[in-house]
Amino acid sequence: TNSNFAAAAGEMDSRGFDSTGREFSSATEMWAQEIGATASASASASEVPPGAAAPSNGDAGEEAGGEGKREEWYSKGIAYWQGVEASTEGVLGGYGCVNDADVKGSAAFLRPLLAERFGAVKRHLVALDCGSGIGRVTKNFLIKHFNEVDLVEPVAHFLEAARENLSSCMDVGHDTHKAANFYCIPLQDFTPEEGRYDVIWIQWCIGQLTDDDFISFFNRAKVGLKPDGFFVLKENIAKNGFVLDKEDNSVTRSDAYFRELFNKCGLYIHSIKNQKELPEELFAVRMYALVTSQPKVTKNGKRGRPKNSPRIIRS
Ligand code: SAH
């Protein structure tokens, strides 16, 4: 029923696998299995003309099953994390050893961005740590750079651990740095306060969200940014297509898949960096700084021309 969207589907039409080795010919097929086809981003508003009839082939069943299947998708994911110990080892899937490299890589990525975007005048900086787990990212890194950090995390025993780990304020010179708010909500249901955040940090949790929830989350979260605020998304990257993990119900997307979703969110890549020094057997990890308006050329000329835009060919 979705073949009529294939031409526009791009990377989402690349094949992928699940953790049992089963192959899917497209993300559309995978999402159809997991939550019902109507929920896939390939069938989102951008490709379906307004008022167009939904594909008629079997969609009644999918519609009926749709919300139930979606709930099941999320509750399986949450159930997995509820069974995980509230520790660094736990949230890092037994790879507590990557914590130091991760924190270093994040700081090296964020520092110049903060200087570039907010450097001119000293200001009170506020960040949101999404899918915060036990507050590892906030504690080791965000709180050093921001006066206030809010945490959003759906699993209560993680958020409680975060509260304990972050109970004391940190004084940096004359500045107070503290964890301010703790929200026990999954990202697909969370709407940030308008204009509160300089940076919204999303690390190792966006794979829990379906494509359409990914898009609507970012669209709501944009409103939570200050005018020159930005997102950092730090995630595992699949070599091609996607990998569905049946154990925790998450999807590891390829770089091209992410870029398609960013497009659908109206987000632009400001800069990118790969995380270095990770064990070979793990997925590659990338950091994307995402902004809500087209980046201008900077002094060092590093960005400005998107890869696929026309350029003059000299003979
Ligand atoms: N970002 C943290 C935790 C990573 S572990 C860190 O880097 O240390 C993945 C986290 O995603 C877990 O805390 C898990 O509970 C959370 N999570 C699971 N489903 C989620 C959802 N739907 N929305 C937001 N977070 C989710």
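One can find the structure itself at the top, above this paragraph.
Residues numbered from 1 in each chain as written. Predicted model: local features only at pLDDT ≥ 70, side-chain atom pairs only at ≥ 80, totals over all residues. Heavy atoms only, no water.

Draft legend 1. Examining the site of the ligand more closely. Near the ligand lie 20 residues; those nearest to it are Gly131, Arg136, Glu153, Gln188 and Gln203. Here Leu187 contributes a backbone N or O atom positioned 3.0 Å from a nitrogen atom of the ligand. For the ligand, the accessible surface in isolation is 570 Å², of which the surrounding protein chains cover 99%. Counting only elements with at least two residues in the shell around the ligand, the list comes to α3 (59-82) and α6 (136-145). Of the residues belonging to the shell around the ligand, the class tally is 12 nonpolar, 6 polar and 2 charged. (Near = heavy atom within 4 Å. Polar contact = N/O pair within 3.5 Å; in protein donor to acceptor, adjacent residues only side chain to side chain. Areas by Shrake-Rupley, 256 points an atom, 1.4 Å probe, with all protein chains shown as cover. Helix = DSSP H or I, 4+ residues; strand = E, 2+ residues; numbered from the N terminus. Nonpolar A, V, L, I, M, F, W, Y, C, P; charged D, E, K, R; others polar.)

Draft legend 2. The arrangement of the pattern of salt bridges in detail. For the structure shown, the criterion picks out 18 salt bridges. Linking Asp102 and Arg136 is a salt bridge whose minimum nitrogen-to-oxygen distance equals 2.7 Å. Of this pair, Asp102 sits in helix α5 (residues 99-118) while Arg136 sits in helix α6, and the two are 34 residues apart along the sequence. Of the two residues examined, Asp102 and Arg136, each falls in the buried class. The residue Arg286 makes a salt bridge to Asp255 at a minimum N-O spacing of 2.8 Å. Note that Arg286 is positioned in strand β12 (residues 284-291) and Asp255 in helix α9 (residues 255-265), a separation of 31 residues in sequence. A relative accessible area of 18% places Arg286 in the buried class. (Salt bridge = Lys/Arg side-chain N within 4 Å of Asp/Glu carboxyl O. Buried < 20%, exposed > 50% of the residue type's maximum accessible area, 1.4 Å probe, protein only.)

Draft legend 3. Layout of the nonpolar core. One finds Ile202, Ile206, Phe217 and Phe218 to be the most contacted residues of the largest nonpolar core, which totals 39 residues. Not counting residues within four places of it along the chain, the set of residues in contact with Ile206 comprises Leu187, Phe214, Phe217, Phe218, Leu233, Glu235, Arg253 and Phe258. If you look at the next biggest cluster of nonpolar residues, it comprises 27 residues, including Val103, Leu114, Leu142 and Leu159. (Core = buried A, V, L, I, M, F, W, Y, C linked by side-chain atoms within 4.5 Å. Contact = heavy atoms within 4.5 Å.)

Draft legend 4. Looking closely at the sheet that holds strand β10 (residues 250-253). Within the open sheet, the 4 strands sit side by side as β2-β1-β9-β10. Their pairing is mixed. Pairing within the sheet leaves two strands with one partner each, and these edge strands are β2 (23-24) and β10. (Pairing = 2+ DSSP bridges.)

Draft legend 5. The arrangement of helix α2 (residues 27-35) in detail. Those residues of α2 that sit buried are Ala27, Thr28, Met30, Trp31, Glu34 and Ile35. Mapping the buried residues of α2 onto a view down its axis gives an arc of 160°, with all of them on the same face. Positioned one or two residues after α2, Gly36 has a phi angle of 95°, which is positive. (Arc of directions from axis to C-beta.)

Draft legend 6. Summary view of the sheet that holds strand β7 (residues 197-203). The 8 strands lie next to each other as β5-β6-β4-β3-β7-β8-β12-β11, forming an open sheet whose pairing is mixed. The sheet is open, and its two borders are formed by β5 (170-172) and β11 (268-274), each paired with just one other strand. The mean inter-strand angle of the sheet, taken between neighbouring strand axes irrespective of direction, is 20°. Where strand β8 (residues 225-237) meets β12, 7 bridges bridge the pair, whose relative direction is antiparallel. For Asn236, the partnering residue across the bridge sits in β12 and is Val285. Here helix α8 (residues 211-223) sits on the sheet in contact with β3 (126-130), β7, β8 and β12, set at roughly 150° to β8. (Axes fitted to C-alpha atoms, helices over the stretch in contact; angles between N-to-C directions.)

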